[in-house]
Amino acid sequence: MSVQFIDPEQVSYRVDGNTLASVAQAVSQEDEAGKTEWFPHYEYELNGSGLSSVTITVATRITVPEWSEYGSATQPEKEEWDRFLAALQSHEQGHLELVRQHLAKIDEKMAGQSLNDANSAWEEALEALASASDAYDQQSDHGRKQGTIINLGAATATAE
């Protein structure tokens, strides 16, 4: 029995804009600035009426924006973008921690169970994970309380 967490796949989506303000506008049009997804699956062996072994693999993906014109931005704009991106990455890491918390020992709950009971334990764990992730987003206002808002004032204040 085991649970294997594969290193997260890091993905970015392109955000175009000549200024931090235009990029902030583009990011605000997205459903979410960043996203963490999980793709768990399991394999098992049956022994009589129960699962004799369970192997779980959990793949994850983190998606964040990439500013295509970052290289031509002013230093204050780059600093604010970097701060925002670090806060966003930190928020997404919180989702990954929830994945680990909810799935780390699910193999132990499934082993020895009938296939139906093991499937039920699996579904309950996934539902609990989804609920915890939703609660985390609600509590953090989708990361906004953790600094995932681009502060245009900070970029212009340091430029003056």
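What you see is a predicted model, and the numbers here were worked out from it, not measured in a lab.

**Quick notes on the side chain of glutamate 80**
In step 1: Tracing the backbone shows glutamate 80 in helix α2 (residues 75-103).
In step 2: A relative accessible area of 6% places glutamate 80 in the buried class.
In step 3: Of note is the side chain of glutamate 80, whose polar atom sits 2.6 Å from the side chain of arginine 83.
In step 4: There is a polar contact of 2.7 Å between the side chain of glutamate 80 and the backbone nitrogen of asparagine 151.
In step 5: Non-local contacts of glutamate 80, meaning those with residues more than four positions away in its chain, are made with Leu20, Ile149, Ile150, Asn151, Ala154 and Ala155.

**A short note on the packing of α2 against helix α4 (residues 115-140)**
In step 1: Following both chains from N to C, one finds α2 and α4 inclined at 155°, their axes separated by 9 Å at the closest point. As judged from the angle between their axes, α2 and α4 are roughly antiparallel. Of the two elements, α2 crosses α4, and the hand of that crossing is right-handed. Only Ala125, Leu126, Ala128, Leu129, Ala132, Ser133, Tyr136, Asp137 and Ser140 of α4 make contact with α2, whose side of the interface consists of Ser90, His91, Gly94, His95, Leu98, Val99, His102 and Leu103.
In step 2: For the contact of α2 with α4, the residue count by class is nine nonpolar, seven polar and one charged.

**A word on the environment of alanine 128**
In step 1: The residue alanine 128 is located in helix α4 in this model.
In step 2: Residues alanine 128 and leucine 103, spaced 25 residues apart in sequence, show a C-alpha to C-alpha distance of 9.8 Å.

**A look at the nonpolar core**
In step 1: Counting 19 residues, the largest nonpolar core has Ile56, Leu103, Ile106, Met110 and Trp122 as its most contacted members.
In step 2: Where this core is concerned, the elements lending two or more residues are β4 (50-67), α2, α3 (106-110) and α4.
In step 3: Looking at this core, the element that brings in the most residues is α4, giving eight residues.
In step 4: Contacts of isoleucine 56, omitting those with residues within four sequence positions, involve Ser2, Val3, Gln4, His41, Tyr42, Ile106, Asp107, Met110 and Trp122.
In step 5: Membership of the second largest hydrophobic core comes to 17 residues, among which are Val15, Ala24, Trp67 and Phe84.

**What about the side chain of aspartate 137?**
In step 1: Along the chain, aspartate 137 turns up in helix α4.
In step 2: The side chain of aspartate 137 sits in the buried core without any salt bridge; arginine 144 is the nearest counter-charge, 8.1 Å away.
In step 3: Side-chain polar atoms of aspartate 137 contact the side chain of histidine 91, separated by 2.9 Å.

Rules of the game
- Residues numbered from 1 in each chain as written.
- Predicted model: local features only at pLDDT ≥ 70, side-chain atom pairs only at ≥ 80, totals over all residues.
- Heavy atoms only, no water.
- Helix = DSSP H or I, 4+ residues; strand = E, 2+ residues; numbered from the N terminus.
- Buried < 20%, exposed > 50% of the residue type's maximum accessible area, 1.4 Å probe, protein only.
- Polar contact = N/O pair within 3.5 Å; in protein donor to acceptor, adjacent residues only side chain to side chain.
- Contact = heavy atoms within 4.5 Å.
- Axes fitted to C-alpha atoms, helices over the stretch in contact; angles between N-to-C directions.
- Parallel < 35°, antiparallel > 145°, perpendicular 65-115°, else oblique.
- Left-handed = near helix turned anticlockwise from the far one by under 90°.
- Nonpolar A, V, L, I, M, F, W, Y, C, P; charged D, E, K, R; others polar.
- Core = buried A, V, L, I, M, F, W, Y, C linked by side-chain atoms within 4.5 Å.
- Lys, Arg positive; Asp, Glu negative; His and termini not counted.
- Salt bridge = Lys/Arg side-chain N within 4 Å of Asp/Glu carboxyl O.

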